[in-house]
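Chain residues, written in single-letter form:
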Number of protein chains: 2
Amino acid sequence: MMKIYLAGPDVFLPNPLQAAAAKQNICTAYGFEGMFPFDNELDFSNLSPFDAGIAIYKSNLALMDRCDLIVANMTPFRGVSMDVGTAFEMGYMAAQGKPVFGYSNDGRLYTDRVPVLTPGIDDQGQSIESFGMHDNLMLEGAIYTSNGIFQCEQASSEDYYTALSVFEEVIKLAANQLLKLAP
Amino acid sequence: MMKIYLAGPDVFLPNPLQAAAAKQNICTAYGFEGMFPFDNELDFSNLSPFDAGIAIYKSNLALMDRCDLIVANMTPFRGVSMDVGTAFEMGYMAAQGKPVFGYSNDGRLYTDRVPVLTPGIDDQGQSIESFGMHDNLMLEGAIYTSNGIFQCEQASSEDYYTALSVFEEVIKLAANQLLKLAP
């Protein structure tokens, strides 16, 4: 069974175990095995916070190495862009030649999210990239050059971080593409 | 001569050519060749914005493939975290087993930058990772497990995006480590 690395800031949700189970159930329904980076499966009792962080890093890399593709939650997180840890993981999987899929619960283009001072320039005087993409070009670049798929839709503010309808749509499309299942 | 991929949001500065030249001169002074992702070396005249973005993606990947290490500008950019395109590139280089170096012109830990609602929880009710690191653990994880080096220092607001003193310190340390030069 193909394994999906379920990347995203979902690990920071108030109930990450519940979020993981919901995503994994959707993966199973479409014929995939969903793998969730679980920090709490490791024993950190003897480690400093820093060493615990390094241990989680190594654990996440080992999990990515076992997965066949990545489906990244690219919903903006603590800023105008997606979670940086997830972006790192997209790069790691892209370098291995694995398909990169992504979704966002924010339907807006990047240019529509960055506060603008003058056209194309932000409030720090720095240029705002404008490629008709939803975040920095490296991210959708990885998706489209790896035959992955990106989908997005504006969720309400209440379920901006938790809605899974777009996620499910991407899993369905990935199944159609990679598992040759009927829709 | 070892080639450094100079990753960072410096490409969005008002004068990116000047920023690139300054970084490349420092690399040269310490015995490296600095490679800067130059969007404008490509001819986009016949491409849609989206296709231009894809072309830049491919160009940046080809450049990373030619480089021996990455030195990432991890200064926070449009949010509490670093630029997501740069984070992607750190993951791409880490997957190739190349050394990952980084610097930030922000000296604060991640936990000191995220607006806190209650201890360890942000204003969206999501947990704030606390590993004594300066951003998401995947980033410093990549640096320390690849024998790279991270340095940071709080720059003044005027040169927060342009200061190169910490960058130079990292290049010097990289030269000591990789080129076996005297300090």
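The structure displayed is predicted, hence computed values, not measured ones. (Residues numbered from 1 in each chain as written. Chains lettered and ligands numbered in written order. Predicted model: local features only at pLDDT ≥ 70, side-chain atom pairs only at ≥ 80, totals over all residues. Heavy atoms only, no water.)

**Notes on the interface of chain A and chain B**
Argument step 1. Residue-level contacts link 57 residues of chain A with 57 residues of chain B.
Argument step 2. Of the roughly 4400 Å² buried between chain A and chain B on both sides combined, carbon and sulfur atoms contribute 69%.
Argument step 3. Its largest share of buried area at the contact with chain B, chain A owes to A:Arg78, A:Val84 and A:Met138, together 18% of the area lost on that side.
Argument step 4. For the pair chain A and chain B, the number of links is two salt bridges.
Argument step 5. Taken together, chain A and chain B are joined by twelve residue pairs in polar contact (both at pLDDT 80 or more).
Argument step 6. Mapped by element, the contributors of at least two residues to the side of chain A that touches chain B are α2 (49-66), α3 (84-95) and α4 (137-145) of chain A.
Argument step 7. Broken down by element, the residue count for the side of chain A that touches chain B peaks at eleven residues, all from α2(A).
Argument step 8. Residues of the side of chain A that touches chain B, tallied by class, amount to 34 nonpolar, 15 polar and eight charged. (Contact = heavy atoms within 4.5 Å. Buried area = accessible area lost by both parts, 1.4 Å probe. Salt bridge = Lys/Arg side-chain N within 4 Å of Asp/Glu carboxyl O. Polar contact = N/O pair within 3.5 Å; in protein donor to acceptor, adjacent residues only side chain to side chain. Helix = DSSP H or I, 4+ residues; strand = E, 2+ residues; numbered from the N terminus. Nonpolar A, V, L, I, M, F, W, Y, C, P; charged D, E, K, R; others polar.)

**Describing the relation of the copies chain A and chain B**
Argument step 1. Rotating chain A by 180 degrees and translating it 0.0 Å along the rotation axis places it on chain B, where the RMSD comes to 0.0 Å. The two molecules are tied by a two-fold rotation axis, judged by turn and shift. (Least-squares fit on C-alpha atoms with pLDDT ≥ 70 in both.)

**Focus on the packing of aromatic side chains**
The geometry of an aromatic ring pair is captured by the separation of the ring centres together with the interplanar angle, meaning the angle of the planes.
All names here are of chain A.
Argument step 1. Within the structure shown, the criterion is met by twelve aromatic pairs over all chains.
Argument step 2. Judged by centre distance (6.5 Å) and plane angle (90 degrees), the rings of Phe-77 and Tyr-161 are edge-to-face. Note that Phe-77 is positioned in the loop between β3 (69-73) and α3 and Tyr-161 in the loop between β7 (150-152) and α5 (165-179), a separation of 84 residues in sequence.
Argument step 3. The rings of Phe-12, Phe-77, Tyr-160 and Tyr-161 are connected pair by pair, giving a single aromatic cluster. (Phe/Tyr/Trp six-rings, centres within 6.5 Å; stacked < 30°, edge-to-face > 60°.)

**Side note on unusual backbone geometry**
Argument step 1. In this structure, A:Arg78 is a non-glycine residue whose phi angle is positive, near 55 degrees.
Argument step 2. Tracing the sequence through the fold places A:Arg78 in the loop between β3 and α3.
Argument step 3. A positive phi angle, near 60 degrees, is found at B:Asn147, a position not held by glycine.
Argument step 4. For B:Asn147, the location among the structural elements is in the loop between α4 (137-145) and β7 (150-152).

**Quick notes on α4(B)**
All names here are of chain B.
Argument step 1. Counting buried residues in α4 gives seven out of nine residues, a clear majority hidden from the surface.
Argument step 2. Of the residues making up α4, those classed as buried are Leu-137, Met-138, Leu-139, Glu-140, Gly-141, Ala-142 and Ile-143.
Argument step 3. Two or three places before Met-138, at the start of α4, stands the capping residue Asn-136, its side-chain oxygen 2.9 Å from that residue's backbone nitrogen.
Argument step 4. Directly beyond the C-terminal end of α4, a positive phi value near 60 degrees is found at Asn-147. (Buried < 20%, exposed > 50% of the residue type's maximum accessible area, 1.4 Å probe, protein only.)

**Quick look at the sheet that holds β7(B)**
Residues and elements named next belong to chain B.
Argument step 1. The sheet built from five strands is open, its strands ordered β2-β1-β3-β4-β7 with parallel pairing. Looking at strand neighbours, the two that pair on one side only are β2 (33-35) and β7, the edges of this open sheet. Here the strands of the sheet are splayed against their neighbours by 20 degrees on average, with no regard to which way each runs.
Argument step 2. On top of the sheet, helix α2 (residues 49-66) reaches β1 (3-7) and β2; it is set at about 145 degrees to β1, its chief contact.
Argument step 3. Across the sheet, helix α3 (residues 84-95) lies against β1, β3 (69-73) and β4 (100-104), angled at about 160 degrees from β3, the strand it touches most. (Pairing = 2+ DSSP bridges. Axes fitted to C-alpha atoms, helices over the stretch in contact; angles between N-to-C directions.)

**Structural notes on the environment of B:Ile70**
All names here are of chain B.
Argument step 1. Checked against the element boundaries, Ile-70 lands in strand β3.
Argument step 2. The exposure class of Ile-70 is buried, given its relative accessible area of 0%.
Argument step 3. The spatial distance from the C-alpha of Ile-70 to the C-alpha of Lys-58 is 17 Å, given a sequence separation of twelve residues.
Argument step 4. When sequence neighbours within four positions are dropped, the list of residues in contact with Ile-70 reads Ile-4, Tyr-5, Ala-7, Glu-89, Met-90, Met-93, Pro-99, Val-100 and Phe-101.

**Section: the side chain of A:His134**
Residues and elements named next belong to chain A.
Argument step 1. You can see His-134 is positioned in the loop between β6 (121-122) and α4.
Argument step 2. On the accessibility criterion, His-134 (16% relative accessible area) is buried.
Argument step 3. With residues near it in sequence (within four places) discarded, His-134 still touches Gly-107, Arg-108, Leu-109, Tyr-110, Arg-113, Glu-140, Phe-150 and Cys-152.

Coordinates in, geometry out; function isn't part of it.
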